[in-house]
There are 2 protein chains.
Amino acid sequence: MYHFNSTLSSAEQSDAESATQPERPGSEAGPLDADLLSRLHRYWNAANYLCVGQIYLKANALLHEPLLAEHIKPRLLGHWGTSVGQNFIYVHLNRLICDRRIETIFISGPGHGGPTMNACAWLEGTYSEVHPDIPADEEGMLAFFRSFSTPGGIPSHCGPHTPNSLHEGGELGYSLMHAFGAVFDNPHLLVACVIGDGEAETCPLEGSWKSVHFLDPRRDGAVLPILHLNGYKISGPTVEARLPDEQLIELYRGRGYQPVIVAGDDLPGMHQRFAAALNICHDAIREQQARSRAEGGAARARWPMIILRSPKGWTGPKVVDGVPVEGTFRAHQVPLANVIGNPEHLQQLERWLRSYSPETLFDQNGRLLPELQALTPPAALRMGAVPYVNGGRVLVALDLPNFADYGLEVPGPGQVIAEAPRRLGEYLRDVMRNNPHNFRVFGPDETNSNRLNAVFEASNRTAPGPCLEIDDHLASDGRVMEVLSEHLCEGWLEGYLLTGRHGMWSTYEAFAQVVDSMVTQHAKWLQQSREFAWRRPLASLNILISSHAWRNDHNGFSHQSTGFVDNVLQRRADVVRVYYPPDSNCLVNVFDHCLRSRNYINVVTCGKQPDFQWLDFDAALKHCSQGASIWDFAGSDDSETPDVVLGCAGDVPTTEAVAAAWLLQKHVPGIRVRLVNVVDLGILSAPEDRPHGMDHVSFEALFTRDAPVMFAFHGSTWVIHSMVHGRANEARFHVRGFSDRGTTTTPFDMVVLNRLSRYQLAIDALSHVPRLRAQSLDAVHFFESQLRKHHTWIREHFEDMPEIRNWCWTADFSESQTPPPLAKGHSRGQTFTDA
Amino acid sequence: MYHFNSTLSSAEQSDAESATQPERPGSEAGPLDADLLSRLHRYWNAANYLCVGQIYLKANALLHEPLLAEHIKPRLLGHWGTSVGQNFIYVHLNRLICDRRIETIFISGPGHGGPTMNACAWLEGTYSEVHPDIPADEEGMLAFFRSFSTPGGIPSHCGPHTPNSLHEGGELGYSLMHAFGAVFDNPHLLVACVIGDGEAETCPLEGSWKSVHFLDPRRDGAVLPILHLNGYKISGPTVEARLPDEQLIELYRGRGYQPVIVAGDDLPGMHQRFAAALNICHDAIREQQARSRAEGGAARARWPMIILRSPKGWTGPKVVDGVPVEGTFRAHQVPLANVIGNPEHLQQLERWLRSYSPETLFDQNGRLLPELQALTPPAALRMGAVPYVNGGRVLVALDLPNFADYGLEVPGPGQVIAEAPRRLGEYLRDVMRNNPHNFRVFGPDETNSNRLNAVFEASNRTAPGPCLEIDDHLASDGRVMEVLSEHLCEGWLEGYLLTGRHGMWSTYEAFAQVVDSMVTQHAKWLQQSREFAWRRPLASLNILISSHAWRNDHNGFSHQSTGFVDNVLQRRADVVRVYYPPDSNCLVNVFDHCLRSRNYINVVTCGKQPDFQWLDFDAALKHCSQGASIWDFAGSDDSETPDVVLGCAGDVPTTEAVAAAWLLQKHVPGIRVRLVNVVDLGILSAPEDRPHGMDHVSFEALFTRDAPVMFAFHGSTWVIHSMVHGRANEARFHVRGFSDRGTTTTPFDMVVLNRLSRYQLAIDALSHVPRLRAQSLDAVHFFESQLRKHHTWIREHFEDMPEIRNWCWTADFSESQTPPPLAKGHSRGQTFTDA
């Protein structure tokens, strides 16, 4: 049963016919013999039938009886428009895999590609293997149909439930970057990435094409992009579908590809042409890989891609209620609506379903006929069975160096100044050395600026083009991937992790928000994956924020925002962790923990600027393992019944809180102060709200039950307000945090503007200690005068006043005339590499 | 004084020389005569001198005395690398403007382009006009230098402080989409948009090139993109700088442009070639516009663009400490660091500054010499003076229809079902008709899906290419702009608003987060603009969220997130407003208010699905003007001293709260229930936290001082927790909100999963009413059994149980057997257009 209908507009047709590029395979002959062609077409019919069934049927799955309204689902959900073209591609890829025995992943980029992925997984058997309640027979087919887009069932896009998907497919734009992330360091893997023409309009997708420049054919696998132009988004045409072939070819050649166009709706011509196109592309990939791997060079040839122009909703109803549907935007979702209430639609649906001749595809028990099953690739090569698509199956734990070797010598609290990420850089360097094939570092060209430059001793930057003599640590086989795109950093890393490897990326805090929604989608993937035991745990997504809001004073207001963490914290608490290590030793501790963890999104915030170091390695280890603890050195001796607790999380707030505690003890004799530092933010939440929240007894051991708490926080105040909701006497928590007040300032002025300076904390703390009101009047006046003095000073001198620049913590409250020494190899320079 | 240094690598040079495209103007002759050339070069020197001065000098601005360490700023901030090339472009554009008298805006895309924009505005006089404390003389020059990147001063990127910038330039990637937004409906405007090669790697920028397909030359102005390839990001090379010219040409032709390449570092050749390139491009623009406007057709020719390859840090220090700097990544920020402590660097800085011969540029009083001032365009055409760059100056208030005409008839609370946005669509249709040149609607192809299709009676979709017969409401002069990119919707609208027009966009709630960081940047622009009286108020940025988390049950988990508002609410309270109109009449009221407002970001969330209508137009007007009020009909008669207050915000939570109040009264005789609905969320905050927060007396008039409050909220619980922080007895607020628990469900099941269903609210409310514990036991058991029944029912029937589907509010608590009637023209259909 072939469809010879022609739904391409005449304008499109004439474009298609006039294009005589050699890239376009001829439409007559082809690589498929008659038998294979016929079976392949029927396999496609089977996939199409299963897609229509998912959308419409809740009974009578195989049409053993005439179709009745009672067989139809009450809510018609799912998207037909994209499914049939994706089925076409999937079925043809199966043929290629059978022929050439290649490990292949199918990434379904277009929106709502769920029906295809479900159907093809069910046909190849992988669906039933992971869902024994959905066997590959009639009973299973019905259960399968009934589960689609129904309560407690499966969604209309790709998700963890279907074994051939490696990512959450609901938000469009990330398929191609995930595809490239998947093939890095997987030299034998082919990722066929289908990109919808709607999806192709998103900025993240447009920005992904350049990933090809970062591919090293010697050690990376290949991505075969298949741009599927079916003409329409929901109701309007797409930009690229309306471009003439000539311009599409220019565009994709300019992007670094060699496009092969397959266009039309003629059958069997389309089968032959698409099969030929796949062969041509795979030949080119093999040749490119063989040449590069033999010669040892990373010659940058163009990589092949396919542009498939086929009608939206191909093989579906051509006309409904007198208006054209197939090949138009009306085929986007369900081409036949209101089926239960409209007998004509019901009849049309039955004709449509029977047009695939299910009786020639499945046996009486609903099993795919053996001659069609024979088209399924060998078990291990089915696209729902290759291990990369369930990355935890191939995950190898990192060979981590002993993190204790990366301690920074801290002779006493606040006795040395250091750039916290430097030692982490050395640790990461050795992680790279020990794990040369499954660990990568990503970032928007800030590795050096973030003081992680030691990693360049282990590997270079990945060159995005030819190298010049003047370049710094650049090579086509570099493993430090720098691209000025937070989207790509996040997306490549996601693809890398989803296929069973490890990594991290570092970025500006403000611009981490560029990927808020991407992180949300990954969190949803992780959360849902936990429901399926067969989805094996993945390495965590580790994000280092070293250029943070409090020290972007010189970059100005646009570079200051702490909102990224707020968004992350709204994801389910069992998949996110948020850390604020206050110094170098805590940072190494936290990061080692993150690299060992699984299935989390870890967000670690620790500034790169030279700052006070508080804990030696052993103390940091203990502190971080508890998540929060009382810092005895910073509080007063009799702080067991404190007048006030100073809480802090984040490096800058910690310094201010320690200094405030110091000022209070120096200027208000007799005050009882306790300082609590928090590294692992989530423990502040009650355990009923967050699984690793601290139990109430432990919480009150830190914060007491009723003492006022001045909490100095790196992020926005409401994070802490909401976390302590439900704790005893929650109104006693007075939070100072980031509040969009900074502009162009000095470092200390940032905390002044945001009312989080040591002086302000001390003033505000005293306002909650009525016992000492009289004794504290002079101190409050002094603190206020210091704030006035500072304001004037910085406008004259452009740097903080000496009391601030030279302050350091002293056990005897003596004033220092110079800051503590710099740790060896660290620098005070704030200018050259601070992007 | 010319620089003839050659810092392009030999590989790049050979590319440059071998490119013999006709697009490349010859390098010898040129359009500039010797006098003009010389003066133009000196003007460029002046701009360069001012950039170096901004970075380094705090005294001795004109080098009237030898340079000493004490003249140097203690913190060296700002970015030299990009400045000199941008100065080059700015100066040449001035020449073009003088020649051709075109209204032109300069958009500086590369990171940290502040020094250029500041310097060129100061030279042309516009800077001093808006900042009288920075006059155009030596005193002003010094004050200008001293203000750059110092406390209380101006940032290192473009911001509202400099009159020639129309957007916040800190976060990269949005320059080109803002440029296109600016020229829509501004037929005589030219926007020269400089794009850095680092910026060109961001996904939003890559996705912006296609904007050209949405330009109608008959009624829109022109964008001249100038891609500035200076080779490096912070420390690595950029992708496009390493592409050969041939491939760049393919790429940009494919994107719809006709590139003109200007490459090199030879002078005066570069001046002549760049001037010629500008002439060629402007000729092409004029010709294209003239032809389209004469012929009345919208022929889609390629639009010109310039690719400028020049060395990073051109004219700066060539070698520092023995390593090459000019033309390398080392010129990115400050090419000479540690100047105060290194006498050699200090000398080198002085030589560098003097290489521009300031004595030949400025007179003894620091005023630009008259023969150079003569190069400044006529006053009104200076790029810091054209009114579009301060859009409020040309803002014309919308001619709005009488919003009372768009009321929906509501015979009684809950007595009719309607799709809330339908009437809004009619209102927007008439806004479009009344304002055909300064109002546009944007959206990712969801105008129809969001029930706003009435707008198509006023205008079509903007066609992104040739139109076909099959297309629906598509035309090249359409004013409804649909592109599947939240980035472009937001960015185009921003550009449109920033140049003094009006508009709105609608989108999915979950995917609004795609532009979290863009909205943050715009909020920062609005917030900072308020500090400058000369920046006139802009129309607000209006965002409609109609496909919201609670009714994306069928799309699945990926489509459910309420985080967008959480991010918006963290911006300064004086620039954001968040509305949750509960029905059609409230939605029209709120939107009319939004279109009249200025300088806000308004986020309006109201679902598109058929749902209960509660208030008639007059009641809605009163309710919305108060922001929140008690709904008497829903509470019990004696609710002045309620046992419990049910609060609600959002359409779905409102229905559940009203139903919960109904259930409580029906099943627990004697209970005193009050229902408070909140439309304008910000009023929940204390006035000390948020300027339009409700005073405490009014707040307690709604929520009492001590009654327990069950609050049903559309978003995450912590939004409400943080807002009521500081209110009397805050611990009595028990919030139910969205919590990432939905997957594939029915509408009602969404609220069940998120513990916000009427039954759950009723159960939880009763737990806070100890007075009625005994009387409420049966009710609690019934509510619990209904939840169990529902769970089973939906898994069998795939739709909600009849008690839910048919429920409607009744004054006598009688059970309904059918839902209320649909409003005329509204539909229950959930399938066809629900994307």
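Residues numbered from 1 in each chain as written. Chains lettered and ligands numbered in written order. Predicted model: local features only at pLDDT ≥ 70, side-chain atom pairs only at ≥ 80, totals over all residues. Heavy atoms only, no water.

By the naming in an unreviewed UniProt entry, chain A goes by Xylulose-5-phosphate/fructose-6-phosphate phosphoketolase and is assigned to Pseudomonas congelans. The annotation that UniProt attaches to chain A under Cofactor (unreviewed entry) is "thiamine diphosphate". Reading the Sequence similarities (unreviewed entry) entry of the UniProt record for chain A gives the comment "Belongs to the XFP family." (UniProt positions renumbered as here; feature names shortened; annotations may be inferred.)

Novice: Can you walk me through the nonpolar core in this structure?
Specialist: Ranked by internal contacts, the top residues of the largest apolar core, which has 370 residues, are A:Leu681 and B:Leu681. With sequence-adjacent residues up to four places away left out, B:Leu681 is seen in contact with B:Leu569, B:Val578, B:Tyr580, B:Ala649, B:Phe713, B:Val719, B:Ile720 and B:Met723. (Core = buried A, V, L, I, M, F, W, Y, C linked by side-chain atoms within 4.5 Å. Buried < 20%, exposed > 50% of the residue type's maximum accessible area, 1.4 Å probe, protein only. Contact = heavy atoms within 4.5 Å.)

Novice: It is not clear to me how helix H14 (residues 486-498) of chain B should be interpreted in this structure. Could you clarify?
Specialist: Given a rise of 1.5 Å per residue, 13 residues ought to cover 18 Å, and the 18 Å separating the end C-alpha atoms of H14(B) matches this to within 8%. Among the 13 residues that make up H14(B), 13 are buried, leaving the element largely enclosed by the rest of the structure. (Helix = DSSP H or I, 4+ residues; strand = E, 2+ residues; numbered from the N terminus. Expected span 1.5 Å × (residues − 1).)

Novice: For this particular structure, what's the right way to read the packing of aromatic side chains?
Specialist: For any two aromatic rings, the description comes down to two numbers: the centre-to-centre distance and the angle of the planes. Scanning the model with the defined rule gives 79 aromatic pairs over all chains in all. Taking 5.5 Å as the distance between ring centres and 80° as the angle between the ring planes, the aromatic pair formed by A:Tyr580 and A:Phe713 counts as edge-to-face. You can see A:Tyr580 sitting in the loop between strand E15 (576-579) and helix H18 (584-596) and its partner A:Phe713 sitting in strand E21 (residues 709-713), a full 133 residues away along the chain. Here A:Tyr580 and A:Phe713 have matching classes, each one buried. Among the aromatic residues, ring-to-ring pairing joins A:Phe612, A:Trp614, A:Trp631, A:Phe633, A:Trp662, A:Trp807, A:Trp809 and A:Phe813 into one connected group. The ring of B:Phe699 carries B:Arg727 above its face, with NZ or CZ at 3.9 Å from the centroid. Cation over ring: B:Arg758 sits above B:Trp807, and NZ or CZ is 4.9 Å from the ring centre. (Phe/Tyr/Trp six-rings, centres within 6.5 Å; stacked < 30°, edge-to-face > 60°. Lys NZ or Arg CZ within 6 Å of the ring centre and 35° of its normal.)

Novice: Honestly, the domain arrangement of chain A in this entry has me stumped. Any pointers?
Specialist: Quite often, the size of an interface is put as the accessible area lost when its parts meet. All names here are of chain A. In terms of domain boundaries, chain A breaks down into domain 1 (2-13 + 28-389), domain 2 (403-610) and domain 3 (632-800). With centres defined by C-alpha atoms, the gap from domain 1 to domain 2 works out at 35 Å. In this complex, domain 1 contributes 39 residues to the contact, which on the side of domain 2 involves 33 residues. Around 2900 Å² of area is buried between domain 1 and domain 2 when both sides are counted, 59% of it from carbon and sulfur atoms. (Domains from an automatic or database assignment. Buried area = accessible area lost by both parts, 1.4 Å probe.)

Novice: Would you mind going over the interface of chain A and chain B with me for this structure?
Specialist: In this assembly, 138 residues from chain A lie in contact with 139 residues from chain B. In total, chain A and chain B occlude about 11500 Å² of area from one another, counting both sides; carbon and sulfur atoms represent 57% of this. By the criterion of area lost to chain B, the three top residues of chain A are A:Arg75, A:Trp718 and A:Phe798, representing 8% of everything that side buries. Taken together, the connections running from chain A to chain B amount to twelve salt bridges. A salt bridge links B:Arg302 to A:Glu250; the shortest N-O distance between them is 2.8 Å. Joining chain A to chain B, the criterion identifies 59 residue pairs in polar contact (both at pLDDT 80 or more). Taken together, the elements giving at least two residues each to the side of chain A that touches chain B come down to helix H8 (203-206), helix H9 (245-254), helix H14 (486-498), helix H15 (509-512), helix H16 (516-529), helix H17 (563-569), helix H22 (717-723) and helix H25 (773-797) of chain A. Of the residues assigned to the side of chain A that touches chain B, the class counts are 46 nonpolar, 56 polar and 36 charged. (Salt bridge = Lys/Arg side-chain N within 4 Å of Asp/Glu carboxyl O. Polar contact = N/O pair within 3.5 Å; in protein donor to acceptor, adjacent residues only side chain to side chain. Nonpolar A, V, L, I, M, F, W, Y, C, P; charged D, E, K, R; others polar.)

Novice: Hey, could you run me through the environment of B:Ala121 in this one?
Specialist: Residue and element names in this part refer to chain B. If you trace the backbone, Ala121 turns up in helix H4 (residues 114-124). Residue Ala121 is classed as buried on the basis of its relative accessible area, which comes to 0%. Separated by 516 residues in sequence, Ala121 and Asp637 have C-alpha atoms that sit 66 Å apart. Here Ala121 is in contact with Thr126, Tyr127, Thr162, Pro163 and Asn164, once residues within four sequence places are set aside.

Novice: Please explain the sheet that holds strand E4 (residues 257-263) of chain A as it appears in this structure.
Specialist: Strands pair in a sheet through their backbones, by hydrogen bonds, and they do so in one of two ways: parallel or antiparallel. Residues and elements named next belong to chain A. Pairing is parallel in the open sheet, where five strands are placed in the order E1-E2-E3-E5-E4. Here the strands that pair on one side only, and so sit at the sheet edges, are strand E1 (103-108) and E4. Neighbour to neighbour, the strand axes of the sheet diverge by 20° on average, direction disregarded. Looking at chain direction, strand E3 (residues 222-229) and strand E5 (residues 303-309) are connected through four bridges and run parallel. Counted as the bridge partner of Ile226 is Ile306 from E5. Against the sheet, helix H3 (residues 80-100) touches E1, strand E2 (189-196), E3 and E5, its axis set at about 175° to E1. (Pairing = 2+ DSSP bridges. Axes fitted to C-alpha atoms, helices over the stretch in contact; angles between N-to-C directions.)

Novice: Help me understand the environment of A:Gly113 in this model?
Specialist: Residue and element names in this part refer to chain A. Following the sequence through the fold, Gly113 ends up in the loop between E1 and helix H4 (114-124). The class for Gly113 is buried, based on a relative accessible area of 2%. Measuring from C-alpha to C-alpha, the distance between Gly113 and Gly159 comes to 10.0 Å, with 46 residues separating the pair along the chain. In this structure Gly113 touches Thr82, Gln86, Ser108, Ser156, His157 and Cys158, once residues within four positions along its chain are discounted.

Novice: Looking at this structure, I do not really get the relation of the copies chain A and chain B. What am I missing?
Specialist: Applying a rotation about an axis and a shift along it to one chain copy brings it onto the other copy. With an RMSD of 0.0 Å, the fit of chain A onto chain B corresponds to turning through 180° and sliding 0.0 Å along the axis. Seen this way, the second copy is the image of the first under a two-fold rotation axis. Most of the interface of chain A is mirrored in chain B, where 99% of its interface residues are also at the interface. (Least-squares fit on C-alpha atoms with pLDDT ≥ 70 in both.)

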